[in-house]
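# Inside the fold
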Amino acid sequence: MAWTSYQLILAGMMLVTGSINTLSAKWADNFSAKGCKGSESHEFQHPFLQAVGMFLGELSCLAVFYILVFRDRRSPEPTVSTSQPFNALLFLPPALCDMTGTSIMYVALNMTSASSFQMLRGAVIIFTGLLSVAFLGRKLECSQWIGIIVTIGGLVVVGLADLLSGPSSGKSLSNVITGDLLIIMAQVIVSIQMVLEEKFVYKHNVHPLRAVGTEGFFGFVILTLLLIPFYYIPASSFSNNDREVLEDSLDAFCQMGNQPLIIVALLGNISSIAFFNFAGISVTKEISATTRMVLDSLRTVVIWIVSLAVGWEKFHALQILGFVVLLVGTALYNGLHKPLMCGRCQEQSEETERLLNEDQAAINVAT
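Model, not experiment: these values are computed from the prediction. (Residues numbered from 1 in each chain as written. Predicted model: local features only at pLDDT ≥ 70, side-chain atom pairs only at ≥ 80, totals over all residues. Heavy atoms only, no water.)

## A look at the overall build of the protein
In terms of regular secondary structure, the protein is built from 13 helices and two strands. Within the protein, the fraction of its 367 residues that count as buried is 45%. A separation threshold of at least 6 residues defines the contact pool for the protein, and within that pool the share at least 24 residues apart is 79%. If you sum the accessible surface of the protein, you get close to 18900 Å²; carbon and sulfur atoms cover 67% of it. (Helix = DSSP H or I, 4+ residues; strand = E, 2+ residues; numbered from the N terminus. Buried < 20%, exposed > 50% of the residue type's maximum accessible area, 1.4 Å probe, protein only. Contact = heavy atoms within 4.5 Å. Areas by Shrake-Rupley, 256 points an atom, 1.4 Å probe, with all protein chains shown as cover.)

## Describing the state of the cysteines
Applying the stated rule across the entire model yields one disulfide. Disulfide pairing is shown between C36 and C254; the S-S distance is 2.0 Å. One disulfide, between C36 and C254, carries an S-S torsion of 90° and so falls in the right-handed class. You can see C36 sitting in the loop between β1 (32-33) and β2 (42-43) and its partner C254 sitting in helix α9 (residues 249-258), a full 218 residues away along the chain. Assessed through its relative accessible area of 25%, C36 is described here as partly exposed. Residue class for C254 comes out partly exposed when judged on its relative accessible area of 25%. (Disulfide = S-S within 2.5 Å.)

## With respect to the environment of Q193
Here Q193 is to be found in helix α7 (residues 173-201). The spacing of Q193 and P93 is 100 residues in sequence and 7.6 Å in space, taken between C-alpha atoms. Those residues in contact with Q193, other than ones at most four positions away along the chain, are P94, C97, D98 and E215.

## Quick look at the environment of S239
Its place among the elements puts S239 in the loop between α8 (208-230) and α9. When the C-alpha positions of S239 and V107 are compared, they lie 9.8 Å apart, and in sequence the two are 132 residues distant. Every residue in contact with S239, bar those within four places of it in the chain, is listed here: E244 and V245.

## Overview of the packing of aromatic side chains
Counted by the stated rule, this structure contains six aromatic pairs. Between F65 and Y66 the ring centres are 5.1 Å apart and the planes differ by 70°, which places this aromatic pair in the edge-to-face class. Seen in terms of ring centroids, W304 and F315 are 5.8 Å apart; in terms of plane orientation they differ by 40°. Their pairing is tilted. With W304 in helix α11 (residues 289-309) and F315 in the loop between α11 and α12 (317-333), the pair connects residues that are eleven residues apart, well separated along the chain. (Phe/Tyr/Trp six-rings, centres within 6.5 Å; stacked < 30°, edge-to-face > 60°.)

## Re the pattern of salt bridges
Side chains carrying opposite charge are able to pair once their charged atoms draw close together. Following the criterion strictly, the structure yields one salt bridge and no others. A salt bridge links R299 to D296, with the nearest nitrogen and oxygen atoms 2.8 Å apart. Here R299 and its partner D296 are both found in helix α11, three residues apart, which amounts to about one turn of the helix. (Salt bridge = Lys/Arg side-chain N within 4 Å of Asp/Glu carboxyl O.)

## Section: a nonpolar patch on the surface
Taken together, L160, L163, L164, L173, I177 and L181 make up a surface patch of nonpolar side chains, about 520 Å² in accessible area. Secondary structure elements with two or more residues in the nonpolar patch: α6 (142-165) and α7. Within the secondary structure, L164 is located in helix α6. (Patch = residues over 30% accessible without salt bridge, like charges linked within 9 Å, V, L, I, M, F, W, Y side chains within 5 Å.)

## Looking at the packing of helix α1 (residues 5-29) against helix α10 (residues 261-286)
Across the interface, α1 lies against α10 with an axial gap of 7 Å and an inter-helix angle of 150°. In the crossing of α1 with α10, the sense of the turn from one axis to the other is left-handed. Here the residues of the contact of α1 with α10 sort into 19 nonpolar, ten polar and one charged. (Axes fitted to C-alpha atoms, helices over the stretch in contact; angles between N-to-C directions. Left-handed = near helix turned anticlockwise from the far one by under 90°. Nonpolar A, V, L, I, M, F, W, Y, C, P; charged D, E, K, R; others polar.)

## Regarding the nonpolar core
Of all hydrophobic cores here, the largest spans 48 residues; its most connected members are F44, L223, M256 and I262. Examining the composition of this core, we find that eight residues originate from one element, helix α3 (residues 92-109), more than from any other. Those residues in contact with L223 that lie beyond four places of it in its chain are F48, A51, V52, F55, M99, S103 and F230. The next biggest cluster of nonpolar side chains, apart from the first, holds seven residues, and it includes M14, F276, A279 and V283. (Core = buried A, V, L, I, M, F, W, Y, C linked by side-chain atoms within 4.5 Å.)

## Brief notes about the side chain of D248
Relative to the elements of secondary structure, D248 occurs in the loop between α8 and α9. Note on D248: relative accessible area 5%, which makes it buried. Excluding residues within four positions of it along the chain, D248 makes contact with H46, Y231, N241 and R243.

## Comments concerning the environment of F253
Looking at the secondary structure, you find F253 in helix α9. F253 gets classed as exposed once you look at its relative accessible area, which sits at 51%. For the pair F253 and G35, spaced 218 residues apart in sequence, the C-alpha to C-alpha distance is 8.1 Å.

## A look at the packing of helix α2 (residues 47-73) against α8
As a packed pair, α2 and α8 sit with axes 7 Å apart at the nearest point and diverge in direction by 150°. One finds that α2 runs roughly antiparallel with respect to α8. The two elements α2 and α8 cross, and the hand of that crossing is left-handed. In terms of residue class, the contact of α2 with α8 is made up of 20 nonpolar, five polar and three charged. (Parallel < 35°, antiparallel > 145°, perpendicular 65-115°, else oblique.)

What follows is the structure in structure tokens.
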């Protein structure tokens, strides 16, 4: 069945905004600018402030939700329901997981390449699958277990590619290894978030945009308040600011003033996360969840190609192998192979039926 123009626009929006989300964050990290009080030029490495911007993008989904509600109420047959009561505090535990996982991933993005960052995020299916078995009582199919094993193999290949290409990318080997491990650790936290959402949130049938926006609200408020103690917590060499604290937000704003393109990159990150969530939810509704999974995997290719084109990283053939293996693992875990198998079974069934009809016709002729 051919896609409509609207469906094509949604798919394109999801692919483009999902890619911009990672690329804009990496672009901001690559800038160098002077900080406050005329300090020397240094890289813009403010992962916690960037995470606040990401939650601001998620928070904007609430505005989109209420715009949809307003338009829906003016239609003859309203379809968006807001009357179902729910406790907003249910979103607090997953929001805390999201806040922690996102902050760790932004720290890791400073240490590794954008393409490896995106590929290694595929580790989430390993921990989500294991936790869903342990805490949700779910039984995984054989193909899902195979998908988990294949994904582990893909992570090993991507990690090996990073080890081999680390020195040529201008990053120390210790930073690359630390960044990759942080990304995988963050996926453990993200998988806990997904299990919590499935166990406590989804059963209340909350509109997805409202759910994303509510989690964004909690994440934005809590992390913004945490920026105050982070301004005083020493972090020695772990930080990249003159004061050597966990997060120097004032230094970040001074760098933005001295290099306005950083603001452009951050605005790209904030707006892209809002449009990405909207497009992802719409793709699931208008096309299928399978299509959403495929598009989410394809944005890794876009990020990798752009990173190579602008010179952020060097080509390494192992990355292609790692991506293909991860893609196969994701496809197996999410059941993307089933339509192909069903289609083949249907073709075999039709062929068998045709042969039986021919045999029956031959028998009828003979009699």
